[in-house]
Amino acid sequence: MERYETLQPIIARVIENIEKVIIGKRDVTTLSFVALLAGGHVLLEDVPGVGKTMLVRALAKSVNAHFKRIQFTPDLLPSDVTGVSIYNQKEMQFEYKPGPIMGNIILADEINRTSPKTQSALLEAMEEGNITVDGVTRPLPRPFFVMATQNPIEYEGTYPLPEAQLDRFLLKMKIGYPTFLEEIEVLSRAEKVPPIDELQSVITVEELLSLQQKVKDVYVDESIKRYIVEIVQRSRSNESVYLGVSPRGSVALMKAAQAYAFMHGRTFVIPDDVQFLAPYVLSHRIILKPEAKFDGLVAEDIIAKIVARTPVPIQR
Amino acid sequence: MVYTERSIKGLVLYGFAFWLLAEWLMPLETVSDTRNIGIFILFVALCFLLYFLRVPFWIRVLFKAGYIVYALNVLFFHGPWSEAILSLLFEMISHISVISQFRWTELTNPFRSFLFFLLLWITAYLIRYWLFAQKRLFLFYAMTVTYIAVLDTFTAFQGNGAIVRLVVFGFFLLSWLHDERLREKEIAVNRTRTWAAACIGLIGLSVAMGYMAPKHPPKWPDPVAFVKSYATHHEQEQERQKALVKKVGYGYNDSRLGGPFIADDTVVFMAEDEKRHYWRVETKDIYTGKGWKETDSVQVKTFEKENNVHQWFEGNAKKEVFTAKVNMFQGYSHLIYPLGLKAVNVSGDIVFRLQVGTERIYPTDRSAYIVPLRTYELTYEYPTFAIDKLNAAPTVQDEQLVKRYTQLPANLPKRVRELAQQITKGKTTQYEKTKAIEQYFHLNGYLYETKDVAVPGENDDYVDQFLFETKKGYCDNFSTAMVVLLRSVGIPARWVKGYTSGQLMEETKEGKNIYQITNNNAHSWVEVYFAGTGWVPFEPTQGFSNPYSFTEPQSVSEPTPVPQRTQPEQKRTPLNDVLKHENISSPSVKDKLTASFAALSWKEIVMGMLILLGVVLLLYKTRRKWWPYITLLLFTYKQDDQMFTKAYLSLLRHLDDYGLKRKNGQTLRQYAAYVDDWFGTNEMSRLTLLYEKMVYQKENVHTEWTQVKELWENLIKKTVS
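Rules used throughout
- Residues numbered from 1 in each chain as written.
- Chains lettered and ligands numbered in written order.
- Predicted model: local features only at pLDDT ≥ 70, side-chain atom pairs only at ≥ 80, totals over all residues.
- Heavy atoms only, no water.
- UniProt positions renumbered as here; feature names shortened; annotations may be inferred.
- Axes fitted to C-alpha atoms, helices over the stretch in contact; angles between N-to-C directions.
- Helix = DSSP H or I, 4+ residues; strand = E, 2+ residues; numbered from the N terminus.
- Parallel < 35°, antiparallel > 145°, perpendicular 65-115°, else oblique.
- Left-handed = near helix turned anticlockwise from the far one by under 90°.
- Contact = heavy atoms within 4.5 Å.
- Nonpolar A, V, L, I, M, F, W, Y, C, P; charged D, E, K, R; others polar.
- Buried < 20%, exposed > 50% of the residue type's maximum accessible area, 1.4 Å probe, protein only.
- Polar contact = N/O pair within 3.5 Å; in protein donor to acceptor, adjacent residues only side chain to side chain.
- Salt bridge = Lys/Arg side-chain N within 4 Å of Asp/Glu carboxyl O.
- Pairing = 2+ DSSP bridges.
- Buried area = accessible area lost by both parts, 1.4 Å probe.
- Core = buried A, V, L, I, M, F, W, Y, C linked by side-chain atoms within 4.5 Å.

For chain B, an unreviewed UniProt entry supplies the name Transglutaminase-like putative cysteine protease and the organism Thermaerobacillus caldiproteolyticus.

As recorded by an unreviewed UniProt entry, chain A carries the name MoxR-like ATPase and is attributed to Thermaerobacillus caldiproteolyticus. Its UniProt record, at the heading Sequence similarities (unreviewed entry), says of chain A: "Belongs to the MoxR family."

Residues and elements named next belong to chain B. Two numbers describe how helix 21 (residues 643-658) lies on helix 23 (residues 683-696): the axes approach to 11 Å, and their chain directions differ by 135°. Looking at the two axes, helix 21 sits oblique to helix 23. For the element pair helix 21 and helix 23, the recorded crossing hand is left-handed. Judged by residue contacts, Phe644, Thr645, Tyr648, Leu649, Leu651, Leu652 and Leu655 of helix 21 engage Met684, Leu687, Thr688, Leu690, Tyr691 and Met694 from helix 23. Tallied by class, residues from the contact of helix 21 with helix 23 come to eleven nonpolar, two polar and no charged.

Moving on to the packing of helix 3 (residues 37-53) of chain B against helix 6 (residues 109-134) of chain B. Residues and elements named next belong to chain B. The geometry of helix 3 relative to helix 6 is characterised by a closest axis approach of 10 Å and an angle of 35° between their N-to-C directions. Judged by the sense of rotation from one axis to the other, the crossing of helix 3 with helix 6 is right-handed. Between helix 3 and helix 6, the residues in contact are Ile39, Phe40, Phe43, Val44, Cys47, Phe48 and Tyr51 and Ser113, Phe116, Phe117, Leu120, Trp121, Ala124, Tyr125, Ile127 and Arg128, respectively.

For the rest of this paragraph, the subject is the UniProt feature "transmembrane region" (unreviewed entry) in chain B. According to UniProt, the positions carrying the feature "transmembrane region" (unreviewed entry) are residues 7-25, 37-55, 67-90, 110-131, 138-157, 163-182, 194-213 and 600-620 of chain B. The distance separating the terminal C-alpha atoms of residues 163-182 of chain B is 28 Å; by composition the span is 100% helix and 0% strand.

Inspection of the secondary structure puts A:Ser223 in helix 9 (residues 222-237). A residue is classified by how much of its surface remains accessible, and A:Ser223, at 9% relative accessible area, is buried. Considered as a pair, A:Ser223 and A:Gln315 are 92 residues apart in the sequence and their alpha carbons are 7.9 Å apart. What A:Ser223 contacts, discounting residues up to four positions off in sequence, is A:Pro313, A:Gln315 and B:Tyr696. Among the polar contacts made by the side chain of A:Ser223, one reaches the side chain of A:Asp221 at a distance of 2.8 Å.

Let's shift gears to unusual backbone geometry. Note the cis peptide between A:Arg142 and A:Pro143, where omega equals -10°. The backbone of A:Met92 sits at a positive phi, close to 65°, despite the residue not being glycine. You can see A:Met92 is positioned in the loop between strand 3 (83-88) and strand 4 (93-98). One non-glycine residue with positive phi stands out, namely B:Lys305, at about 55°. The residue B:Lys305 is located in the loop between strand 7 (300-303) and strand 8 (318-328) in this model. Look at B:Lys305 and you get partly exposed, because its relative accessible area is 42%.

The next thing to look at is the pattern of salt bridges. One pass over the full model with this rule turns up 33 salt bridges over all chains. Of the charged contacts in the structure, one is a salt bridge between A:Arg248 and A:Glu127, with a shortest N-O distance of 3.2 Å. Here A:Glu127 lies in helix 5 (residues 116-128) and A:Arg248 lies in helix 10 (residues 247-263), a separation of 121 residues in the sequence. What makes A:Arg248 partly exposed here is its relative accessible area of 35%. The partner of B:Arg494 in a salt bridge is B:Glu359, with the nearest N and O atoms 3.0 Å apart. A residue pair is termed long-range when its members are at least 10 positions apart, and B:Arg494 in strand 16 (residues 493-499) and B:Glu359 in the loop between strand 11 (351-355) and strand 12 (360-364) qualify at 135 residues. For the pair B:Arg494 and B:Glu359, one class covers both residues: buried. The network of salt bridges with common partners includes A:Glu127, A:Asp167, A:Arg168, A:Arg248 and A:Arg285.

Residues and elements named next belong to chain A. The strand order across the open sheet formed by five strands is 2-5-8-1-9, and the pairing between neighbours is parallel. The open sheet has two edge strands, strand 2 (67-71) and strand 9 (171-173), and neither has a second partner. Here the strands of the sheet are splayed against their neighbours by 15° on average, with no regard to which way each runs. With three bridges connecting them, strand 1 (residues 42-45) and strand 9 associate as parallel partners. Note on strand 9: the bridge partner recorded for leucine 44 is methionine 173. Packing of helix 2 (residues 26-38) onto the sheet brings it into contact with strand 1, strand 8 (145-150) and strand 9, and relative to strand 9 it is tilted by some 160°.

The next subject is the sheet that holds strand 4 (residues 279-284) of chain B. All names here are of chain B. With respect to topology, five strands assemble into an open sheet ordered 9-4-16-19-20, the strand pairing being antiparallel. Two strands lie at the open edges of the sheet, namely strand 9 (337-338) and strand 20 (534-538), each paired on one side alone. Relative to strand 19 (residues 522-530), strand 16 runs antiparallel, the two being bridged by seven bridges. The residue bridging lysine 497 from the neighbouring strand is serine 524, located in strand 19. In the packing of helix 14 (residues 430-443) onto the sheet, contacts are made with strand 19 and strand 20, and the angle to strand 19 comes to roughly 155°. Seen against the sheet, helix 16 (residues 475-488) touches strand 16, strand 19 and strand 20 and runs at an angle of roughly 15° to strand 19.

Moving on to the pairing of strand 11 of chain B. All names here are of chain B. Across four bridges, strand 7 lies against strand 11 in antiparallel orientation. Opposite lysine 301, over in strand 11, you have leucine 354 as the bridge partner. As defined by bridge partners, strand 11 adjoins strand 12 across five bridges and the pair is classed as antiparallel. Bridged to phenylalanine 352 within strand 12 is proline 363. The loop that links strand 11 with its antiparallel partner strand 12 comprises four residues; one of these, glutamate 359, has a positive phi angle of about 60°.

Each partner contributes residues to the interface: chain A has 26 residues there, and chain B has 23 residues. Summing the contributions of chain A and of chain B, the shared interface buries around 2,000 Å²; its carbon and sulfur component is 55%. Scanning the region where chain A abuts chain B turns up eight residue pairs in polar contact (both at pLDDT 80 or more). Where the side of chain A that touches chain B is concerned, the elements lending two or more residues are helix 9, helix 11 (271-282) and helix 13 (299-309) of chain A.

If you look at the biggest cluster of nonpolar residues, it comprises 108 residues, and the most contacted ones within it are A:Phe33, A:Leu37 and B:Met684. Ranked by the residues each element gives to this core, the list is headed by helix 10 of chain A, at nine residues. If sequence neighbours within four positions are ignored, B:Met684 has contacts with B:Tyr648, B:Leu651, B:Leu652, B:Leu655, B:Tyr671, B:Ala672, B:Val675, B:Asp676 and B:Leu715. One finds B:Val344, B:Val416, B:Ala481 and B:Leu486 within the second-largest nonpolar core, a separate group that totals 81 residues.

We now examine the pairing of strand 16 of chain B. Residue and element names in this part refer to chain B. Extensive coverage of strand 16 is indicated by the burial of seven of its seven residues. Burial along strand 16 is two-sided: Ala493, Trp495, Lys497 and Tyr499 and Arg494, Val496 and Gly498, pointing in opposite directions, are all buried. Judged from the five bridges that link them, strand 4 and strand 16 form a sheet pairing that is antiparallel. Opposite lysine 284, over in strand 16, you have tryptophan 495 as the bridge partner.

Pasting the structure below:
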């Protein structure tokens, strides 16, 4: 696809900037930005040490946003995320001490290692866009973007995220290991000063907010909407699927597609956008039947199969 | 490609191609009955010019087809354009049966010319292929040399100039093509001048030497006689080995009679007539022992409408004048007419040429081109022969006539003459003798038979075999035998060919009868010369009757016609069928088309359907050669808001048919990339980007069709294979 389309210049600058730090992984970078533009959140499912933190920090630095990191542990409490009110004896009143969630770009590391109580505190904040501490509702800063990571489910000592919570993430993706040559490049760069420190910001938060507005104006034709719904409905009737994609999933797919189209300088969504994004947007929203899992099927395969079979609209 | 078609080199090559094909056409004027060869040469030039200009396929076809119709119209039809097309169509349909029955001799001149145009078309295409795709022409060149050599040796054509031209230009062309092939393989380095100098020098040298060298007469004085004698011998051998199965119908060649034939009820013509009579075509006078040959006389008399050149009867025949209208269903170059023809009424400027030797009449135009007639009106004198006058006829005195019409081959078996003597024993007058011989077959158990009829072997005589051995046969056997028997006793007689009066279909209100004459009615009979009366027809064949009246002496004043024996299998046709033919006097071309369809038998219809099926199948198989062009044509003249969408979707269909299948889940971009990979371009992707904007964008972006037209056309053309 890159063959025919160039990125929106401003987006291209950001992506280039991030790529000074993250080697390869163009898709991951692009997808993160899609989520950022669409106002969604990303779930990274990967082992430690592949550059998740680096990615988020680079993203934050590039957009000149306030970056916060929360390391989730089994003993983390909800107030450790949202912040607490402490009695200020000098002032004679309770004073709100903001938690780490009060930032623009949040890295929620190993989200599945904490208790469901703490997880839900974060997820509610993600959904509502504000938090309530001691009866006071406080808005979260704009933009608000959470990139959560979780270790693959098989690892010991984890609290898997319930399906309802997973639905709150716009995209789920993996970073994966770098290729041989890329890893050598990683080593070469690690010899010098950590490049992340030298990274300059490319756009401002205000610019980012206006981009988010523009994304909403990207036109989605009736035929594309039908296409999205067709894919989603097929996921519900698929024989290997126990629970299909919710209507929230359809909306998510459309919003992501709008962001993706905008990034590529288009004012309208084309089926290619939907096809590219469907596995990332939909696969964490379906639950496979046990027998399908037993057959070694994974959700990504099912979505890919559905997309391959759904007729693409070629005329209005 | 070292050279392209549209370049100076290409033009020169096309010039050579034209010249080579013209070499084939030029001798035709001398060696065959082809006329106006210029029109064909012009057609060849047109073919190559169109190739050179690289006009689209369909324009070429249109031009050439138009030229063919125009040329045929100028040569034959002489009508307006629409008429010419219909006439050509009519020619084609009426030839379906002719071709399906292999009656090659019956092809009409317009149809022959039409086929010739097609042949030239194909040849031009082939030569172009040889020159530009294969860059080899040796085969065709060798064929041309052989052709010229054969014509020079065996015909009146003088090939001196042609041979010199062939050597000079042909060798130049061959070596040029060879050079081009080498260059294509990048073997030869670019040394055009050296090559050209060497080539021209060698050719010049050989031509000069050939010109200056002494020319000996051929060592082998006349190869033609030797080859001919060998060929004839071989032919006879072959014919003896197999009994030829013929189809009944009209043909000119009667040199080898005998053998079975199969029935054929193809309608030849319909006639609206007042009297029953034979329909004549020609007479023949030389009996060879195997069949009939026509006299060598080439005397031709011409008349227009009124026959004032040929006297059919002498004073003693009593005549009444009648008219008949004829509506031909088959295109024959000769006129079919009754005995006593007085006038032919036909629209158009037609001159009739009567070959005195055979009494064959050709309708022609002013410049002596044969014009087959479709409808014409005849006026004829219907004779009644008084038996007493015939009996009283004196012995024929005209020595030349007697000599010509009592000719018999020298090796006629003696028993034939003896039999003739025996039959006519005791008969005194010529009429009595003739009647005796005519009756002989009826009285002696000769059988009418079409299937089991012998072909005379090399040492057999056709008549002798019939009279003494087989004793069965059809009209040719009976009539030839009667003529030979008559001639054996010195009575001048000749063999006449044509048709019987046919099957009565209906009586019109005016008291005229409508007859249908099919190929089954083809017939031969006998005419005997009586001094003072002229040629009198006789009917020896079993099961047939003489349609002319012979009156007894007492009833001279009021002739009683001999009762007409109707043919046994005659049947009534439903009135509707007849009504279709009722306005036979002036049917429009459309009517003729319908009529000629109606005249097709079921076998021909099945055959036609099969051919149609074959054509459809062929069209389907070759659709990638023409369908893209049709689409191009359609979209050239369409004006529509949705043009681009329609064109793009049509392109998708073409690509799919071409073999580049789009999967259901494949987006247009992915498919475009696949298509472009296949063709090695980026045109599909460019077009697809524009199309995407049309389809998925908010405002209905009106992409100007003219902007994308070229991209689209290029892609459509790529699907031609």
